[in-house]
Number of protein chains: 2
Amino acid sequence: MRLSTKGRYAVTAMLDLALNEGKGAVTLADISVNQGISLSYLEQLFAALRNKELVRGVRGPGGGYYLTRGADEITVADIICAVDEWVEFTRCGGRENCHAGSRCLTHSLWDELSEEIFNFLKGISLADLVERGQARIEAAKEKKAKVGSISSQERAA
Amino acid sequence: MRLSTKGRYAVTAMLDLALNEGKGAVTLADISVNQGISLSYLEQLFAALRNKELVRGVRGPGGGYYLTRGADEITVADIICAVDEWVEFTRCGGRENCHAGSRCLTHSLWDELSEEIFNFLKGISLADLVERGQARIEAAKEKKAKVGSISSQERAA
DNA sequence: CAAGTTACCTAGCAATTTACTCGGGAATTA
DNA sequence: TAATTCCCGAGTAAATTGCTAGGTAACTTG
């Protein structure tokens, strides 16, 4: 039970792309220097992000990475799902038969927790992080508590 | 970023104790058979639980483990904190200097997430799990949503 | 075209964690 | 004394994390 830095690295790197939106490509070398992450490790993370079609790479001089969608259409959950296995979350696991009562109880507890975490991360887009910084996170929480459903497209500006 | 089964094992085992509250000690051998967890692994988990004074062990025939407090005074968060390192959660981490802007943003995001998870787990006691099973979990979420913390269950969206 | 730049790919590594086995104790009860 | 049960430490295979090393492929510019 730990929040590894892997997902955080990915989110941080994606934030670098979002901050540069509309201003050309961002090279991994830049991100590596900016964020203090090893270049090869970044390449691995971005391979995963590419697979999930969150970023697009352009080779050659002047190349680098772009977001494939707007920063408001990419959530933190998307990023973390891409780089982490996330196996026991959402729906991928949890299909064990529940024979013993207490085992069943903890299974449903874990499912609930997974959903909590997932929904929280799904409610925060890159644009949220960019535009308003930490204050925005609080807002996302308020919004979720009120509405109960998340659509990151409505920017309450 | 994964929810390991370690904490789940511990919660499950503690549930066994809670289910037997007032009916004498529960041996690790029993739990091992009931839950299909290796005895030695249970011993390690219970060593941690003992350190945090969540359980009390009694040796000799007729011995076993008791909860040191009522099941309503032990939360899932207590249990998981005892057996997991939980390092990057709550407050233990996050005291890094935030130089780069995007790094700072993700740090605060991670702090928020940690607190979300912690609060969720803190809101569920062993008694909750025992008395009402899964229904109780929903109730805990409702309670929290009212107070304004987080939570929103829109399953099967 | 050639050279440089950048993405892309594969392999391997040390450290840590997980879940487990083994082999002993030490305290308590009968 | 003997059985039971907690207690303790060492060791292990597999997986994960974060990283290094050493390539190849595509693209742009001089």
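Preceding this paragraph is the structure being described.
Computed from a predicted model, the values in this text were never measured in an experiment. (Residues numbered from 1 in each chain as written. Chains lettered and ligands numbered in written order. Predicted model: local features only at pLDDT ≥ 70, side-chain atom pairs only at ≥ 80, totals over all residues. Heavy atoms only, no water.)

S.K.: Describe in detail the protein's contact with DNA strand C, supporting the description with residues and values.
M.R.: In the region of DNA strand C, 24 residues are neighbours, and Glu43(A), Arg50(A), Tyr65(A), Thr5(B) and Ser40(B) sit closest. Those atoms of DNA strand C that come within 4 Å of the protein belong to sugar or phosphate at a rate of 62%. Here a phosphate oxygen of DNA strand C and a side-chain polar atom of Tyr65(A) are 2.3 Å apart. Between a phosphate oxygen of DNA strand C and a side-chain N or O atom of Tyr41(B), the distance comes to 3.2 Å. Those elements that place two or more of their residues in the surface near DNA strand C are α3 (39-51), β1 (55-58) and β2 (64-67) of chain A together with α1 (5-19) and α3 (39-51) of chain B. For the surface near DNA strand C, the class distribution of residues is 8 nonpolar, 10 polar and 6 charged. (Near = heavy atom within 4 Å. Polar contact = N/O pair within 3.5 Å; in protein donor to acceptor, adjacent residues only side chain to side chain. Helix = DSSP H or I, 4+ residues; strand = E, 2+ residues; numbered from the N terminus. Nonpolar A, V, L, I, M, F, W, Y, C, P; charged D, E, K, R; others polar.)

S.K.: So what's going on with the environment of Gly24(B)? Residues and values would help.
M.R.: Residues and elements named next belong to chain B. Here Gly 24 shows up in the loop between α1 and α2 (28-35). According to the relative accessible area criterion, Gly 24 is partly exposed, its value standing at 33%. Sequence spacing of Gly 24 and Glu 53 is 29 residues, and the spatial spacing of their C-alpha atoms is 18 Å. (Buried < 20%, exposed > 50% of the residue type's maximum accessible area, 1.4 Å probe, protein only.)

S.K.: Break down the protein's contact with DNA strand D for me, citing the residues and quoting the values.
M.R.: Lining the immediate environment of DNA strand D, one finds 26 residues, of which Thr5(A), Ser40(A), Gln44(A), Arg50(B) and Tyr65(B) sit closest. Of all atoms in DNA strand D that approach within 4 Å of the protein, 67% are sugar or phosphate atoms. Contacts to DNA strand D include Lys6(A), whose backbone N or O atom sits 3.0 Å from a phosphate oxygen. Here a phosphate oxygen of DNA strand D and a side-chain polar atom of Tyr41(A) are 3.1 Å apart. Listed by contribution, the elements that provide at least two residues to the surface near DNA strand D are α1 (5-19) and α3 of chain A together with α3, β1 (55-58) and β2 (64-67) of chain B.

S.K.: Can you lay out a negative patch on the surface for me, pointing to particular residues and giving the numbers?
M.R.: Residues and elements named next belong to chain B. Together, Glu 21, Asp 72, Glu 73 and Glu 131 give the surface a local cluster of negative charge. Within the fold, Asp 72 resides in the loop between β2 and α4 (76-83). Residue classification places Asp 72 among the exposed residues on the basis of a relative accessible area of 55%. (Patch = residues over 30% accessible without salt bridge, like charges linked within 9 Å, V, L, I, M, F, W, Y side chains within 5 Å. Areas by Shrake-Rupley, 256 points an atom, 1.4 Å probe, with all protein chains shown as cover. Salt bridge = Lys/Arg side-chain N within 4 Å of Asp/Glu carboxyl O. Lys, Arg positive; Asp, Glu negative; His and termini not counted. Charge placed at Lys NZ, Arg CZ, Asp CG, Glu CD.)

S.K.: Outline the side chain of Asp128(A), supporting the account with residue identities and numerical values.
M.R.: All names here are of chain A. Examined against the element boundaries, Asp 128 turns out to sit in helix α6 (residues 126-132). Taking the relative accessible area as the measure of exposure, Asp 128 reaches 7% and is therefore buried. A distance of 2.9 Å separates a polar atom in the side chain of Asp 128 from the backbone nitrogen of Ser 125.

S.K.: Summarise the packing of aromatic side chains; cite the residues concerned and give the values.
M.R.: All names here are of chain B. All told, the structure shown has 4 aromatic pairs over all chains when counted by the stated rule. Both rings, one in Tyr 9 and one in Tyr 41, keep their centres 6.1 Å apart while their planes meet at 75°; by these two values the pair is edge-to-face. Remark: Tyr 41 occurs in helix α3 and Tyr 9 occurs in helix α1; sequence separation between them is 32 residues. (Phe/Tyr/Trp six-rings, centres within 6.5 Å; stacked < 30°, edge-to-face > 60°.)

S.K.: Give a description of the pairing of β1(A) that names residues and reports values.
M.R.: As paired strands, β1(A) and β2(A) are joined by 4 bridges and run antiparallel to one another. Among the inter-strand pairings, Val55(A) is bridged to a residue of β2(A), identified as Leu67(A). (Pairing = 2+ DSSP bridges.)

S.K.: Just give me the short version of the pattern of salt bridges, but keep the residues and values in it.
M.R.: All names here are of chain A. Enumeration over the complete set of coordinates arrives at 2 salt bridges over all chains. The shortest N-O distance in the salt bridge between Asp 78 and Arg 69 comes to 3.9 Å. Residue Asp 78 is classed as partly exposed on the basis of its relative accessible area, which comes to 27%.

S.K.: Which residues make up the environment of Gln35(B), and what values go with them?
M.R.: Residues and elements named next belong to chain B. Within the secondary structure layout, Gln 35 lies in helix α2. In this structure the C-alpha to C-alpha distance between Gln 35 and Leu 49, which are 14 residues apart in sequence, comes to 17 Å. For Gln 35, the side chain forms a polar contact with the side chain of Asp 16, separated by 2.9 Å.

S.K.: Talk me through the nonpolar core; I want residue IDs and the actual numbers.
M.R.: Counting 78 residues, the largest nonpolar core has Phe46(A) and Phe46(B) as its most contacted members. Discounting residues that sit within four places of it in the chain, Phe46(B) has contacts with Ala13(B), Leu17(B), Leu28(B), Ile31(B), Val55(B) and Tyr65(B). (Core = buried A, V, L, I, M, F, W, Y, C linked by side-chain atoms within 4.5 Å. Contact = heavy atoms within 4.5 Å.)

S.K.: An account of the packing of α1(A) against helix α2 (residues 28-35) of chain A is needed here, citing residue identities and associated values.
M.R.: Residues and elements named next belong to chain A. Remark: α1 packs on α2, axes separated minimally by 10 Å, with the N-to-C direction vectors making an angle of 120°. Accordingly, the angle class assigned to the pair α1 and α2 is oblique. Of the two elements, α1 crosses α2, and the hand of that crossing is right-handed. For the pair formed by α1 and α2, the contact residues are Thr 12, Ala 13, Asp 16 and Leu 17 on the first element and Ile 31, Asn 34 and Gln 35 on the second. (Axes fitted to C-alpha atoms, helices over the stretch in contact; angles between N-to-C directions. Parallel < 35°, antiparallel > 145°, perpendicular 65-115°, else oblique. Left-handed = near helix turned anticlockwise from the far one by under 90°.)

S.K.: Can you tell me about the packing of α1(B) against α3(B), naming the residues and giving the values?
M.R.: For any two helices packed against each other, one specifies the inter-axial angle together with the distance between the axes. All names here are of chain B. Contact geometry of α1 with α3 gives a least axis separation of 11 Å together with a crossing angle of 80°. Classified by the interaxial angle, the pair formed by α1 and α3 is roughly perpendicular. Contacts between α1 and α3 involve Lys 6, Tyr 9, Ala 10, Ala 13, Met 14 and Leu 17 on the former and, on the latter, Tyr 41, Leu 42, Leu 45, Phe 46 and Leu 49.

Shape descriptors only; they carry no functional weight alone.
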